[in-house]
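Residue-level structure breakdown
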Amino acid sequence: MKWSKSYLYTLKDAPADAEIPSHQLMVRAGLIRKVAPGIYTYGNLALRAIRKLETIIREELDKRGCQEVLMPMVHPAELWRETGRWSEMGDGLLKFENRNGHEFCLGATHEEVVTDYIRKDIKSYRDMPANLYQIQTKYRDEIRPRFGLMRGREFIMKDAYSFDPDPAGALKSYDLMYDGYKAIFDRLGLRYRIVEADAGNIGGSKTHEFQVLAEAGEDHLMVCDTCDFAANIEVAPALDEAPRASGEAGLKPMEEFATPNLKSIGALSKATGVPERELVKTMFFAAGEGPRDGRLGGDGGVPESGGLSPVAVLLRGSDEVNPIKLKNALGLVNSPLLLTEKEVKEVTGAWPGSCGPVGLDIPVYMDTGVADLKNFIVGANKDAFHLKNVNIGRDFKATKIADIRMAKVGDKCPKCDGAYKSMRGIEVGHVFYLGATYSKAMGATFLKEDGSNHPIEMGCYGIGVSRTVQAAIEQAHDKDGIAWPIGIAPFHVHIVVLDPDNPEVLQSAEIVYRDLGARGLDVFMDDRVERPGVKFKDADLLGMPIRINIGGRGLANGEVEVITRKTKEMRKVKLEDAVEAVASMATQMKKAGARA
Ligand code: ATP
Ligand code: MG
């Protein structure tokens, strides 16, 4: 492709809403342009990178026996009602009516549509396994679209769905996809970690996320400093480096004491001399599933206690509650909301800061970190009073003891003696073992050999295609621009023609351009009538892996310059050797990328 004949542009400055380098660079390099929040036009260069990634995905999935299909983007409401997700997904689904008043949504994910597709034809165990995938535009009405293609409203996803007659088969399909994803991200040369994750509202149990490591990542990961264990902080088990039990002391009699103006754990710790980690804090959440404004007596709420369905949550003073773990412990679809101060007062009789579990008639969820404490201090449910020498079992009952706190750096790894360190990641892929959640809800069943009827075992597997392209840039750039990994670079080679109005230079460039193309490389040529400085800046910004400078001065010595974008290393090469040298560099880079 020649610049003089293409619609390509670069910008000096990034727009104010571009907060992270990859977003700024994509806009400046003309890869994307915003149409509305979270909605972009992909320019030709971005589309080339996307198509290359898609090719890698297709090759790896086809190799593993997956089959490509294409499902619609517009889904009838009835299918989503069958699984209950029409309401569960809330405003995340963009819903609308057609001229006949029929309700539809734009596809945010395709479990419903694919299950409907196969339930008509999979009748027997002999019709499985099957694994269908598509590469398609999804729409999610994200609350806060940001970071360009990282969190868009409209974005490209590869989604795949597996169908097996039993859990063993489904887990085999899961492993196959897990391996396929490794092969895909390895070929891209990305630095990534595979982490344990929360199943979210897709449902299901076993799940891993593929996280590209980058400071700008929205996900917080806990990674073992010794073994390969890694988990999203949302689910990372919290295990102390040493037991927390506060000695062998016997149970002392419970006592009330005055604590005027001691509302925070910090203040209480200072006044009592008890370290924060030995204090117990009590928080209150609404365990009803309704939306917040419908919660108090509205339709969404649960009837008890005025629709609040309150629960108390106990944690060590130095720990933070983990909303995802709490959601899972409570068996909820969405993370529970904190009660307001007024609601706490209604439930306990005291304002927050003076509340505790003793005497409450609501469920008490206790973090495992509290379970081994004895003779501890909690609020008395009486303003400006606390209780000391409180003990579990004797003074109050815990409805459930579970790990509901945030893991911390230094916590013990659940797999070995190592400790957690913290990293940031961009979730580019996700594999789920779904079990029979969708097939049961939608009546997708089959006959076993013995003639009995069973729901199909499913898995679902996503890759954020557009997000991955940006994640690659987030990992591979410098102050001057993008440094594309060769696997998805829009072009392998960028020829800068320094004097395009010099016929000898232009002719030499044309020959190199043609011969490199004939070697199977994607070649881009900047043949604009522009100053060299402008062209060099643009070449750095666009970031193709190999650049060739061809100009009159070099050609006088029969030479051209060959530059590696990533290292900026430059060498002079004889014109007649240039094609061979560049082709072999590209081969080397492809090999190194696949090994990285
Ligand atoms: P997130 O936690 O980032 O919102 P998710 O877990 O809801 O994502 P999945 O349902 O697992 O997303 O979707 C599969 C893949 O699609 C994700 O791993 C991610 O790479 C991509 N993806 C999801 N939401 C977006 C989005 N808003 N913009 C771009 N890519 C997305
Ligand atoms: Mg996910």
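Bear in mind the structure is a predicted one, so any value in this text is a computation, not a measurement. (Residues numbered from 1 in each chain as written. Chains lettered and ligands numbered in written order. Predicted model: local features only at pLDDT ≥ 70, side-chain atom pairs only at ≥ 80, totals over all residues. Heavy atoms only, no water.)

Within this structure, the stated rule accounts for 0 disulfides. Take cysteine 224: it sits in no disulfide, and the sulfur closest to it among the cysteines is that of cysteine 416, at 3.6 Å. Exposure remark for cysteine 224: the relative accessible area of 3% places this residue in the buried category. (Disulfide = S-S within 2.5 Å. Buried < 20%, exposed > 50% of the residue type's maximum accessible area, 1.4 Å probe, protein only.)

Of the positions making up helix α11 (residues 341–348), those classed as buried are Glu343, Val344 and Thr348. Along the axis of α11, the buried residues cluster in a sector spanning 115 degrees; they form a single face. Facing away from the buried surface of α11 by more than 90 degrees, the exposed residues are Lys342 and Glu346. Trailing α11 by a residue or two, glycine 349 shows a phi angle of about 90 degrees, which is positive. (Helix = DSSP H or I, 4+ residues; strand = E, 2+ residues; numbered from the N terminus. Arc of directions from axis to C-beta.)

A few words now on the nonpolar core. One finds Leu31, Tyr181, Phe185 and Trp484 to be the most contacted residues of the largest nonpolar core, which totals 60 residues. The element contributing the most residues to this core is helix α2 (residues 44–63), with 8 residues. Core analysis: the next-biggest nonpolar cluster, separate from the first, contains 29 residues, Cys105, Val113, Ala130 and Phe163 among them. (Core = buried A, V, L, I, M, F, W, Y, C linked by side-chain atoms within 4.5 Å.)

This part takes up the site of ligand 1. Neighbouring ligand 1 are 14 residues, the closest being Arg140, Glu142, Arg151, Gly152 and Glu427. A distance of 3.0 Å is found between an oxygen atom of ligand 1 and a side-chain nitrogen or oxygen belonging to histidine 430. Contact between ligand 1 and arginine 467: an oxygen atom at 3.1 Å from a side-chain N or O atom of the residue. The set of elements that each furnish at least two residues to the shell around ligand 1 consists of β8 (154–164) and β21 (420–435). Considering each element in turn, the shell around ligand 1 owes the most residues, 4 residues, to β21. Class assignment for the residues of the shell around ligand 1 results in 5 nonpolar, 4 polar and 5 charged. (Near = heavy atom within 4 Å. Polar contact = N/O pair within 3.5 Å; in protein donor to acceptor, adjacent residues only side chain to side chain. Nonpolar A, V, L, I, M, F, W, Y, C, P; charged D, E, K, R; others polar.)

Backbone hydrogen bonds are what pair the strands of a sheet, in a parallel or an antiparallel way. Strand order across the open sheet formed by 3 strands is β4-β6-β5, with antiparallel pairing between neighbours. Each having just a single partner strand, β4 (74–76) and β5 (95–97) make up the two edges of the open sheet. The mean angle between the axes of side-by-side strands here comes to 40 degrees, regardless of whether they run parallel or antiparallel. Where β4 and strand β6 (residues 103–106) come together, 3 bridges link them in antiparallel fashion. The residue of β6 that forms the bridge with proline 76 is phenylalanine 104. (Pairing = 2+ DSSP bridges. Axes fitted to C-alpha atoms, helices over the stretch in contact; angles between N-to-C directions.)

Take the packing of α2 against helix α14 (residues 465–475) next. Angle between the axes and distance between the axes: these two values describe a pair of packed helices. In contact at an axis separation of 10 Å, α2 and α14 are set at 110 degrees when each is read in the N-to-C sense. Between α2 and α14, the angle is such that the two are roughly perpendicular. α2 and α14 meet at a crossing whose hand is right-handed. Listed contacts from α14 to Ala49, Ile50, Leu53, Glu54 and Ile57 of α2 are Val465, Thr468 and Val469. Tallied by class, the residues present in the contact of α2 with α14 amount to 6 nonpolar, 1 polar and 1 charged. (Parallel < 35°, antiparallel > 145°, perpendicular 65-115°, else oblique. Left-handed = near helix turned anticlockwise from the far one by under 90°. Contact = heavy atoms within 4.5 Å.)

Summed over the entire model, instances satisfying the criterion amount to 43 salt bridges. With its nearest N and O atoms 3.9 Å apart, the salt bridge here joins arginine 58 to glutamate 54. Of this pair, arginine 58 and glutamate 54 both sit in helix α2, 4 residues apart, roughly one helical turn. Judged by its relative accessible area of 27%, arginine 58 falls in the partly exposed class. Residues arginine 85 and glutamate 111 are paired through a salt bridge, measuring 2.9 Å at the closest nitrogen-oxygen approach. Taken as a pair, arginine 85 in helix α4 (residues 85–88) and glutamate 111 in helix α5 (residues 111–119) lie far apart in primary sequence, 26 residues in all. For glutamate 111, a relative accessible area of 1% gives the class buried. (Salt bridge = Lys/Arg side-chain N within 4 Å of Asp/Glu carboxyl O.)

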